[in-house]
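Here's the letter readout for the chains.
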Amino acid sequence: MSALPVLSNPPIFDLARIRADFPILRQRVHGKPLVYLDNAASVQKPKAVIDAISGCYSGYYANIHRGVHLLSERSTVAYEGAREKVRAFLNAASTQEIIFTRNTTESINLVASSFGDQVVKAGDEIVITGMEHHSNIVPWQLLCERTGAKLKVAPFTDAGELILEDYEQLLASGRVKLAAFVHLSNALGTLNPVRQMTEMAHAHGIPVLVDGAQSIPHLAVDVRALDCEFYAFSAHKIYGPSGVGVLYGKKALLEAMPPYQGGGDMIRRVTFEKTDYADLPNKFEAGTPNIADVIGLGAALDWLNAIGLDAIAAHEHALLAYATAQLNEIPGLKIMGTARDKAALIAFTLQGVHPHDIGTILDREGIAIRAGHHCAQPVMQRYGVPATARASFAVYNTGDEVDALVRALWKVKELFEA
Amino acid sequence: MSDLRDLYQEVILDHNKRPRNFRIIPQPTHHADGVNPLCGDRISVDLDIEDGVIRDIAFQGAGCAISSASASLMTEALKGKPVGEIDHLFEAFHNVVTTDCECPKGLGKLGVLAGVRDYPSRVKCATLAWHAVRAALDARAEPVVTE
């Protein structure tokens, strides 16, 4: 074995202080310090987020928008304040373009139902890529079943890079009504050239939805620079609580779309004969929303901005490079997804050991990873494997934790090759 | 590492590497597929049953060490047994992998899977092959699912 590479790029922020922000990271698992490397599934929450949520419930919680009393006014200000924070984070033109949903999946379903049912007809086509999460496949399949449209899938190379020529060919059919693609693949780590892909779609007059579930905590997203029509993500992947998603949509499109769900808060005037819908964004937020958790998302964005996405990305890239080099030293370990442009997750297989066995053994070493198909079964089929193991990194992960992962993988080999 | 050895015992690692009865039966009297949607593991089970006795049993598929070894050990345990004993054996096996019960002597080598009881997320791996056998006997056309 050659000399182990060193973590080349020391973090440009105080990693110990960042870790101290996460109460959950202090625990031991099976007697070992917790090494949490399942961040692509969901990241842990800093104290600022936990405090913002409990502060809402213990300090000023009430239903929003209609109350005349003080608590309702305070809750409304905090909830709408979080919307402004999301707008600024995405550099959207207006808070009317920020819709709160339950998660990325619901954001995509909203577009598939509201925009899709309005625009897509029999014989039309929807273009996606071969590396989509199930949440950016199934809503379009359902739309195709309802309308008689067809789903077209742009393939990718063995390295996990989208084949842009094939994507272009699919766009050029003259029947495509929407292109929907993932920004950062949860199964491969590939960062897609979403700006270029959006331009290519626009050249054919095709609107674009970007699934930003994985990309949002790793790199700065500017929806106006991207120029995509829709961008979807979840709060729980960006240090916020579970149960809140965001759909960004260009105002003109959102205004033309029919409501997704009917109910309270999304109306202007209701009679039994006719209902006038509320203006954006309320038109798409029927019923009492997840008030405290939206406020929690706002706190997560404040916390993240204080560190800075550029610093986070630099740290995570250093971890990715270090971990990739270390894992490549392990005989029989194969990394799936070796795109040139990649974010901080590594999917791999280990010869002779099923990923679930890897997951169980690592768990006993205190290390949490994901093992399975990662809700991207077509990607597994593409490589002919039933499952992979996946280690994914966040701002609080350290080089020592990569070392712990590597040591534990050697133990897996020792156990299975005895 | 010692507690991991309780789960990954030598017999299990051996059956994972060299699964017994890992083949197809050309014209089985009974057949079923089992799927664990959690991990995408698939297993197919063939049985040759004559006069109420399991004359031959074989399996194929890709799975983790626990599911592969459990399927392999199951085929060894069931070959030659009357069909009427399957439910009783499965029940006893299920108890062993899910509760703190003493392992009944009648289970023989299947007892090596008792370590699974400390890993609740892996119980479905250990029982997948058994569910497939039950489905084969019920002549279910749809793959049986552990969920």
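Residues numbered from 1 in each chain as written. Chains lettered and ligands numbered in written order. Predicted model: local features only at pLDDT ≥ 70, side-chain atom pairs only at ≥ 80, totals over all residues.

1. Overview of the overall build of chain A
Looking only at helices and strands, chain A has 14 helices and 17 strands in total. Computed over the C-alpha atoms, the radius of gyration of chain A is 22 Å, within 12% of the 22 Å expected from 2.2 N^0.38 for a compact globule of 418 residues. The dimensions of chain A, computed from C-alpha atoms along their principal axes, are 75 × 55 × 30 Å. Within chain A, the proportion of its 418 residues that are buried is 49%. Residue pairs in contact within chain A that sit at least 24 positions apart in sequence constitute 70% of those at least 6 positions apart. (Helix = DSSP H or I, 4+ residues; strand = E, 2+ residues; numbered from the N terminus. Rg over C-alpha atoms; globule rule 2.2 N^0.38 Å. Buried ≥ 20, exposed ≤ 12 C-beta atoms within 10 Å, placed from the backbone. Contact = placed C-beta atoms within 7 Å.)

2. Side note on the sheet that holds strand β5 (residues 125-129) of chain A
Residues and elements named next belong to chain A. Strand order in this open sheet of seven strands is β4-β10-β9-β8-β7-β5-β6, and the pairing throughout is mixed. At either end of the open sheet lies a strand with only one pairing partner, and these are β4 (98-101) and β6 (150-154). Looking at each pair of strands side by side, their axes are set apart by 20° on average, direction ignored. When β5 meets strand β7 (residues 176-182), the two strands line up parallel, connected through three bridges. Residue pairing in the sheet places Val127 in a bridge with Ala179 of β7. (Pairing = 2+ DSSP bridges. Axes fitted to C-alpha atoms, helices over the stretch in contact; angles between N-to-C directions.)

3. Comments concerning the domain arrangement of chain A
All names here are of chain A. Domain annotation of chain A identifies domain 1 (15-46 + 308-417) and domain 2 (50-306). Of note, the centres of domain 1 and domain 2, computed from C-alpha atoms alone, are 28 Å apart. Contact residues are listed per partner, giving 26 residues for domain 1 and 29 residues for domain 2. Where the side of domain 1 that touches domain 2 is concerned, the elements lending two or more residues are α11 (309-327), β14 (345-350) and α13 (377-383). The residue inventory of the side of domain 1 that touches domain 2, partitioned by class, reads 16 nonpolar, five polar and five charged. (Domains from an automatic or database assignment. Nonpolar A, V, L, I, M, F, W, Y, C, P; charged D, E, K, R; others polar.)

4. Regarding the sheet that holds strand β13 (residues 333-336) of chain A
Residues and elements named next belong to chain A. The four strands lie next to each other as β13-β14-β17-β16, forming an open sheet whose pairing is antiparallel. Each edge of the open sheet carries a strand with a single partner, namely β13 and β16 (370-372). The average angle at which neighbouring strand axes cross in this sheet is 30°, direction not considered. With four bridges joining them, β13 and β14 adopt antiparallel strand pairing. Note on β14: the bridge partner recorded for Ile335 is Phe348. Sitting on the sheet, helix α12 (residues 355-364) touches β14, β16 and β17 (388-392), and the angle it makes with β16 is about 155°.

5. What about the interface of chain B and chain A?
How large an interface is tends to be reported as the accessible area lost when its parts come together. Contact residues are listed per partner, giving 16 residues for chain B and 15 residues for chain A. A breakdown of the residues in the side of chain B that touches chain A according to their chemical character gives 11 nonpolar, two polar and three charged.

6. Things to note about the confidence of the model for chain B
Residues and elements named next belong to chain B. Here chain B shows a mean pLDDT of 90. Residues at 70 or above account for 95%. Taking the mean pLDDT of every element in chain B, the minimum, 71, falls on strand β4 (residues 144-145) and the maximum, 96, on helix α3 (residues 65-78). Interface confidence in the predicted complex, given as ipTM, is 0.89; pTM for the same model is 0.93. (pLDDT = per-residue confidence, 0-100.)

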